[in-house]
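# Architecture and fold: a report
The residues making up each chain are set out below.
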Amino acid sequence: MNIVLLGPPGAGKGTQAKVLSKEFGLLHISTGDMLRNAAKRGDGIGKKAAGYIERGELVPDEIVVSLVVSRISQKDAEKGFMLDGFPRNTKQADILSLALEQKNKKLDLVLYFSTSEKVSVERLSGRRVCRKCGSNYHVKNMPPKKEGICDACGGELYQRPDDKEETVKNRLKVYDKETKSLIDYYRSQGLLREINGDMEVGDLFGVIKAIFVKEGLDG
Ligand code: AP5
């Protein structure tokens, strides 16, 4: 099955994607992670993307689209994938449909995390990420056992530079202006399933699982 996770910054898309990936063996493709890794490596794409990410703006379509189209063409994506952070505007969404059509594939579902701005901001300001393995924590909601240290690998936890207050405000504005229109875009195609992103992690996972079962996507 091929799924898109849609929702504002901090909605919990990445957190659910990690659990869903374990439970259903689905490949998790996060464009944010891909771009941040490229920026860390300092390669051509990374250098171009870094400034946009820092400012909380969208990285130009041509960069992101080529990354995604090449990633979903790899062998490990044949059985299905979960796109987290892509598409982010209707142009990216159109290109995704076309790329899938050319492979005789389609999107099965778009999970829309409907999340209040207050919750998004609270989650992003408290998010901490492991430098080594990328595990996600929250200072209040999902604290590590030892402050500043990753439970999974012992790596150092840090705050993403784009999780600072000013950048978060800009990311939310960009979401409203560029990405929100995808809700109607996918609703009109009958693909959208809305879930309450403000819910607690385990409860939300239960709701998503129930949707998968209802749609016959759990097999
Ligand atoms: P990206 O990395 O995709 O960021 P985002 O969409 O802003 O999403 P986040 O990762 O911030 O939030 P999330 O919903 O995954 O929440 P999470 O699960 O981590 O993009 C970053 C940048 O890259 C963009 O600004 C742009 O520059 C560029 N980019 C990426 N894709 C692009 C594209 N397609 N086109 C152009 N540019 C692109 O959770 C957040 C926190 O809350 C965590 O601390 C977590 O522990 C906690 N939490 C999660 N769920 C819950 C819950 N249910 N209850 C309580 N706490 C929770």
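Here the structure is shown first, and the text comes after it.
Throughout what follows, the structure given in this document is the object of discussion. (Residues numbered from 1 in each chain as written. Predicted model: local features only at pLDDT ≥ 70, side-chain atom pairs only at ≥ 80, totals over all residues. Heavy atoms only, no water.)

### Notes on the site of the ligand
- Around the ligand sit 35 residues, and of these Thr15, Glu57, Arg127, Arg171 and Met199 come closest.
- In the environment of the ligand, an oxygen atom lies 2.6 Å from a nitrogen or oxygen atom belonging to the backbone of Glu57.
- At 3.0 Å, a backbone N or O of Val59 approaches a nitrogen atom of the ligand.
- When isolated, the ligand has an accessible area of 1,000 Å², and the protein chains bury 96% of it.
- When residues of the shell around the ligand are traced back to their parent elements, those giving at least two are α1 (13-24), α2 (31-41), α6 (117-126) and β6 (136-138).
- No other element matches α2, which puts four residues into the shell around the ligand.
- Of the residues belonging to the shell around the ligand, the class tally is 14 nonpolar, 11 polar and 10 charged. (Near = heavy atom within 4 Å. Polar contact = N/O pair within 3.5 Å; in protein donor to acceptor, adjacent residues only side chain to side chain. Areas by Shrake-Rupley, 256 points an atom, 1.4 Å probe, with all protein chains shown as cover. Helix = DSSP H or I, 4+ residues; strand = E, 2+ residues; numbered from the N terminus. Nonpolar A, V, L, I, M, F, W, Y, C, P; charged D, E, K, R; others polar.)

### Quick word on the sheet that holds strand β1 (residues 2-6)
- Pairing within the open sheet is parallel, and its five strands lie in the order β2-β3-β1-β4-β8. For this open sheet the edge positions go to β2 (27-30) and β8 (192-196), each flanked by a neighbour on one side alone. Taking the axes of each pair of neighbouring strands and ignoring which way they run, one obtains an average angle of 20° across the sheet.
- Judged from the four bridges that link them, β1 and strand β4 (residues 109-114) form a sheet pairing that is parallel. Looking across to β4, one finds that Ile3 is bridged to Leu109.
- The strands touched by α1 within the sheet are β1, β2, β3 (81-84) and β4, with β3 carrying the most contacts at an inclination of about 170°.
- Packing of α2 onto the sheet brings it into contact with β2 and β3, and relative to β2 it is tilted by some 60°. (Pairing = 2+ DSSP bridges. Axes fitted to C-alpha atoms, helices over the stretch in contact; angles between N-to-C directions. Contact = heavy atoms within 4.5 Å.)

### Points about helix α4 (residues 61-72)
- With 12 residues, α4 should cover 16 Å at 1.5 Å per step; its first-to-last C-alpha distance of 16 Å lies within 8% of that length.
- Residues of α4 that are buried include every one of Asp61, Ile63, Val64, Val65, Leu67, Val68, Arg71 and Ile72, and no others.
- In this structure, the buried side of α4 is in contact with β2, α2, α3 (44-55), β3 and α5 (90-102). (Expected span 1.5 Å × (residues − 1). Buried < 20%, exposed > 50% of the residue type's maximum accessible area, 1.4 Å probe, protein only.)

### Thoughts on the pairing of β1
- In terms of burial, β1 is largely enclosed, as five of its five residues are buried.
- Looking at chain direction, β1 and β3 are connected through four bridges and run parallel. Across the sheet, Val4 pairs through a bridge with Leu83, a residue of β3.

### Side note on α5
- Its 13 residues place the ends of α5 18 Å apart at the C-alpha level, agreeing with the 18 Å of an ideal helix rising 1.5 Å per residue.
- Along α5, the positions that sit buried rather than exposed are Gln92, Ala93, Leu96, Ala99 and Leu100. Looking down the long axis of α5, one finds its buried residues gathered within 125° of arc, a one-sided arrangement. Across α5 from its buried face, at more than 90 degrees, point the exposed residues Glu101 and Gln102.
- Buried residues along α5 sit in contact with β1, α4, β3 and α8 (181-187).
- For α5, the N-terminal capping position is held by Asn89, with its side-chain oxygen 3.3 Å away from the main-chain nitrogen of Lys91. (Arc of directions from axis to C-beta.)

### Some remarks on the environment of Phe24
- Residue position: Phe24 is located in helix α1.
- For the pair formed by Phe24 and Gly154, sequence separation is 130 residues and the distance between their alpha carbons is 27 Å.
- Not counting the four nearest positions on each side in its chain, Phe24 is found in contact with Met1, Lys209, Phe212 and Asp218.

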